[in-house]
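Here is what each chain is made of, one letter per residue.
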Amino acid sequence: MKKFFCIFLCLALIFCSTAVSIQAEEESPAYEWDGHPLIFIQGYSGPKLIRDRGLETEEQVWTFDPLDVTGKVITYLPDIVSSVIDYANGDKEPFVECFRNFTAEWLDNISMNPDGKSKYNISSYPYYLDEANVEYINEEQNGKYLPMTEGEFIEDLSRTIPENRIYIFNTDWRRSHLDNCKHLMQFIDEVLETTGSEKVDLYGMSHGGQLVATYLYYHGTEGKVDNAVMNSPAIGGTSLVMELLGDDPVAFDLNELLRFGGVMLHTELDLRWLGDMLPAELLNSLLKTAFNEVLLPYAIHFGSIWDLMDTETYTKLRDVYLDPVENAEIIAKADEMHYECMPNMSEGLKKAQEAGVSISILANYGSHIGTGKKVDSDFIIDTLNTSGATPAPFGERFAKDYTQLGTVCTDPAHNHVSPTRTIDASTCFLPENTWFNYEQYHTQTWWDVYTRGLLLKLVLTDDIKDIYSDPEYPQFEIAQSPLDGVYASFNGNQPSGFYSPSSDTITLRNLSRTAIEIQSVKINGKAMETDGKVKLDSDETFNISYKPEDKEFIAVEIRYISKGLFVSSDPYSRTIYFSGIR
Ligand SMILES: [Zn+2]
């Protein structure tokens, strides 16, 4: 009964916080449009897939109608419940059988042959130019084909670019990027011809960012692209895919998964009680079994799966799962990606830059990978694979006397080490054109003021040439969505996460849309005076006097609770790190 009461209160809280957000949301700025159409490239599995388009048997086979899924779950519910009980008692077979039957039709529809070509006549949708622009999608399709997590960002972009000049590029995400690249080339040519523009701008998210990088590697010198912006691109793959395909068990942390979901849904709801209630070990085991026993035989024929891992893992798993004769086409494309494109990405992107393309990469860091692997990431993609930066071993920091590796940026006057002392950006594909956001989750784009502002400016203007162009957007920043709770910065004029010799005050700011109560602040483990408890309304600040010692590394740990209208959350804790300006 208590739980139901709790759910009721939580729902009430959602409605209240939504009301607050409607009032507080600021409109993004509009810029002067430079006339370039924008091509927006979605993340993995975003684009819909249609079987037999134009024929009588036409059917959408990806993604699924939630009502269909719900109906199927209800039909299968008795089987699901009994097979999970069997599973918990040590008998895995009924669950595998149940999951296989449950997904059989869906998986068959999107399956690929051993040569990496589609088993059925499948096309991505929208496919043709006139049905892929945002004006058409909004007017004719009620916005139905806009990317789920980036819809608001497209709305922001349309304050500057006319909606009929923003194109959503949909491609068959099951294929290798070598195939997708040809499709993108053709699409860019069609956009240029239709709009009469000389160049396009490209924006790619995640897997779409990997496609932008691949396109620039092969075609970046052809003079068709002005600005190319990649948001957490999977350039070197992601440990998430490698973990699912590998032998080790996965260890999703349910509370962190719920928090990640909260970011996607833009809610600050505290659902940790739910995560604590769920049987994490059983769910992780069910997921791994379902993947290995049922999904894997399909996944290995998707060219995209092999693009989404690092070269070492690819070489190892290729020899386990792919047959040199039967899967020769898949292997040839993946080999090309791993032994030609990926290892030479930095040089390829630089050539594109020299040919006039303005390239920007946004990377995130500070979280482990969702499957539990301790590597620096934004929960979905490794920071290393996104940016080429060198991370410290997860949970550790570079030593005090660490010198940046300087393999790509060789300028001794540059400091590319993050204030957390966990990221060395001097080894990035493009050290001067890569930005990092600490503790930002994948897909948090629009909800984070820094990322949202930076991305808009990068896509829509030519004002930002590199990480030094705009003091508002330094190379390293700290995530600032409402769910991140508190922000901290030193006084004095220096980039986020750094202090200068004149700094003597730390300002805490409430990022949440509701009031928070700061329970304690510790600096390098020492409790600071906060007048007992400090209540901060949304956006309100609070100062703490602190004079850093010479070259001191500072950890500010803030413990707070979120004060809703009816209930308060359990305590949250955020630690923000500072280094001295060199
Ligand atoms: Zn540099």
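None of these values were measured; they are calculated from a predicted model. (Residues numbered from 1 in each chain as written. Predicted model: local features only at pLDDT ≥ 70, side-chain atom pairs only at ≥ 80, totals over all residues. Heavy atoms only, no water.)

Enquirer: Mind laying out the sheet that holds strand E4 (residues 122–125), listing which residues take part and the relevant values?
Expert: The strand order across the open sheet built from 3 strands is E3-E2-E4, with neighbouring strands paired in antiparallel fashion. Strands at the two margins of the open sheet, each flanked by one partner only, are strand E3 (59–62) and E4. Here the strands of the sheet are splayed against their neighbours by 40° on average, with no regard to which way each runs. In this sheet, E3 lies alongside strand E2 (residues 48–51) in antiparallel orientation, the contact comprising 3 bridges. Among the inter-strand pairings, Arg-51 is bridged to a residue of E3, identified as Glu-59. (Pairing = 2+ DSSP bridges. Helix = DSSP H or I, 4+ residues; strand = E, 2+ residues; numbered from the N terminus. Axes fitted to C-alpha atoms, helices over the stretch in contact; angles between N-to-C directions.)

Enquirer: Describe the packing of aromatic side chains, naming the residues involved and giving the relevant values.
Expert: For the structure shown, the criterion picks out 33 aromatic pairs. Seen from their ring centres, Tyr-365 and Phe-436 are 6.2 Å apart, and the 85° between their planes marks the pair as edge-to-face. With a gap of 71 residues between them, Tyr-365 in strand E8 (residues 358–365) and Phe-436 in strand E11 (residues 434–438) connect regions that are remote in the sequence. Side by side, Tyr-365 and Phe-436 carry an identical accessibility label, which is buried. (Phe/Tyr/Trp six-rings, centres within 6.5 Å; stacked < 30°, edge-to-face > 60°. Buried < 20%, exposed > 50% of the residue type's maximum accessible area, 1.4 Å probe, protein only.)

Enquirer: Can you explain the pattern of salt bridges? Please cite residues and give values.
Expert: Overall, the coordinates contain 18 salt bridges when judged by the stated rule. In this structure, Lys-333 and Asp-179 form a salt bridge, with 3.2 Å as the shortest nitrogen-oxygen distance. Linking Lys-333 in helix H14 (residues 328–341) with Asp-179 in helix H6 (residues 177–195), this pair joins segments that are 154 residues apart in sequence. Overall, the relative accessible area of 24% leaves Lys-333 in the partly exposed class. We classify Asp-179 as buried; its relative accessible area is 16%. A salt bridge links Asp-270 to Arg-272, with the shortest nitrogen-to-oxygen separation between them at 2.9 Å. (Salt bridge = Lys/Arg side-chain N within 4 Å of Asp/Glu carboxyl O.)

Enquirer: Provide a residue-level description of the coordination of the zinc ion, including the pertinent values.
Expert: Think of it this way: four donors in a tetrahedron around the metal ideally sit 109.5 degrees apart, and six in an octahedron ideally sit 90 or 180 degrees apart. In the first shell of the zinc ion, the protein supplies Cys-409 (SG), His-414 (ND1), His-416 (NE2), Glu-432 (OE) and Glu-432 (OE), at 2.0 to 2.8 Å from the metal. Sequence spacing of the donor residues for the zinc ion, all on one chain, is C-x4-H-x1-H-x15-E. His-414 shares its class with Cys-409; the two are buried. (Donors = N, O, S within 2.8 Å, 3.2 Å for Na, K, Ca; no water.)

Enquirer: Describe a negative patch on the surface, and please don't skip the residues or the numbers.
Expert: Taken together, the side chains of Asp-86, Asp-91, Glu-93 and Glu-293 present a region of like negative charge at the surface. Turning to its location among the elements, Asp-86 is positioned in helix H2 (residues 66–88). (Patch = residues over 30% accessible without salt bridge, like charges linked within 9 Å, V, L, I, M, F, W, Y side chains within 5 Å. Areas by Shrake-Rupley, 256 points an atom, 1.4 Å probe, with all protein chains shown as cover. Lys, Arg positive; Asp, Glu negative; His and termini not counted. Charge placed at Lys NZ, Arg CZ, Asp CG, Glu CD.)

Enquirer: Would you mind going over the sheet that holds strand E13 (residues 486–490) in detail, with residue names and values included?
Expert: Pairing in this open sheet of 3 strands is antiparallel, and the strands run E13-E15-E19 from one edge to the other. The strands lining the two open edges of the sheet, one partner per strand, are E13 and strand E19 (541–545). Strand-to-strand twist in this sheet, taken as the mean axis angle between neighbours without regard to direction, amounts to 20°.

Enquirer: Explain unusual backbone geometry to me, using residue names and the numbers behind them.
Expert: Here the bond from Trp-62 into Thr-63 is cis, since omega is 0°, no more than 30 degrees from zero. Its location among the elements puts Thr-63 in the loop between E3 and H2. The linkage connecting Tyr-125 with the following residue, Pro-126, adopts the cis geometry, with an omega of -5°.

Enquirer: A description of H14 should follow, citing residues and the corresponding values.
Expert: Over its 14 residues, H14 runs 19 Å from end to end, which matches the ideal 20 Å to within 8%, given 1.5 Å per residue. Ile-330, Ile-331, Ala-334, Met-337, His-338 and Cys-341 are the residues of H14 that are buried. Here the buried face of H14 lies against H6, helix H7 (207–219), helix H12 (303–307), helix H13 (311–321) and helix H15 (345–354). (Expected span 1.5 Å × (residues − 1). Contact = heavy atoms within 4.5 Å.)

Enquirer: Talk me through the environment of Glu-140; I want residue IDs and the actual numbers.
Expert: When you line up the elements, Glu-140 lands in helix H4 (residues 134–141). Considering only alpha carbons, one finds Glu-140 and Leu-240, 100 residues apart in sequence, at a separation of 36 Å.

Enquirer: Give a detailed account of the side chain of His-414, specifying residues and quantitative values.
Expert: Looking at the element boundaries, His-414 is found in the loop between strand E9 (390–391) and strand E10 (423–424). Residue His-414 is classed as buried on the basis of its relative accessible area of 17%. In this structure the side chain of His-414 is engaged in a polar contact, spanning 3.3 Å, whose partner is the side chain of Glu-432. (Polar contact = N/O pair within 3.5 Å; in protein donor to acceptor, adjacent residues only side chain to side chain.)

Enquirer: Break down the environment of Leu-38 for me, with residues and values.
Expert: You can see Leu-38 is positioned in strand E1 (residues 38–41). For Leu-38, a relative accessible area of 0% puts it in the buried group. Residues Leu-38 and Ile-330, 292 residues apart in the sequence, show an inter-C-alpha distance of 31 Å. With sequence-adjacent residues up to four places away left out, Leu-38 is seen in contact with Leu-157, Ile-161, Arg-165, Ile-166, Tyr-167, Asp-201, Leu-202, Tyr-203 and Val-459.

Enquirer: Just give me the short version of the domain arrangement of the protein, but keep the residues and values in it.
Expert: Domain parsing of the protein yields domain 1 (27–46 + 132–236 + 344–460) and domain 2 (485–580). Each of domain 1 and domain 2 has a C-alpha centre, and these two points are 31 Å apart. At the boundary of domain 1 with domain 2, total buried surface from both sides reaches about 820 Å², with 54% on carbon and sulfur atoms. Summed over the three residues of domain 1 that lose the most area to domain 2, namely Arg-397, Pro-419 and Tyr-438, the buried surface amounts to 51% of that side. Where domain 1 touches domain 2, the interface holds 1 salt bridge. Our count for the domain 1 to domain 2 interface comes out at 3 residue pairs in polar contact (both at pLDDT 80 or more). Broken down by class, the residue content of the side of domain 1 that touches domain 2 amounts to 4 nonpolar, 3 polar and 4 charged. (Domains from an automatic or database assignment. Buried area = accessible area lost by both parts, 1.4 Å probe. Nonpolar A, V, L, I, M, F, W, Y, C, P; charged D, E, K, R; others polar.)

Enquirer: Can you break down the packing of H6 against H7 residue by residue, with the values?
Expert: One can describe the packing of H6 onto H7 by two numbers: an axis separation of 9 Å at closest approach and a directional angle of 75°. Comparing their axes, H7 and H6 come out roughly perpendicular. For the pair formed by H6 and H7, the contact residues are His-177, Leu-178, Asn-180, Cys-181, Leu-184, Met-185 and Ile-188 on the first element and His-207, Gln-210, Leu-211, Thr-214, Tyr-215, Tyr-218 and His-219 on the second. For the contact of H6 with H7, a count of residues per class yields 8 nonpolar, 6 polar and no charged. (Parallel < 35°, antiparallel > 145°, perpendicular 65-115°, else oblique.)

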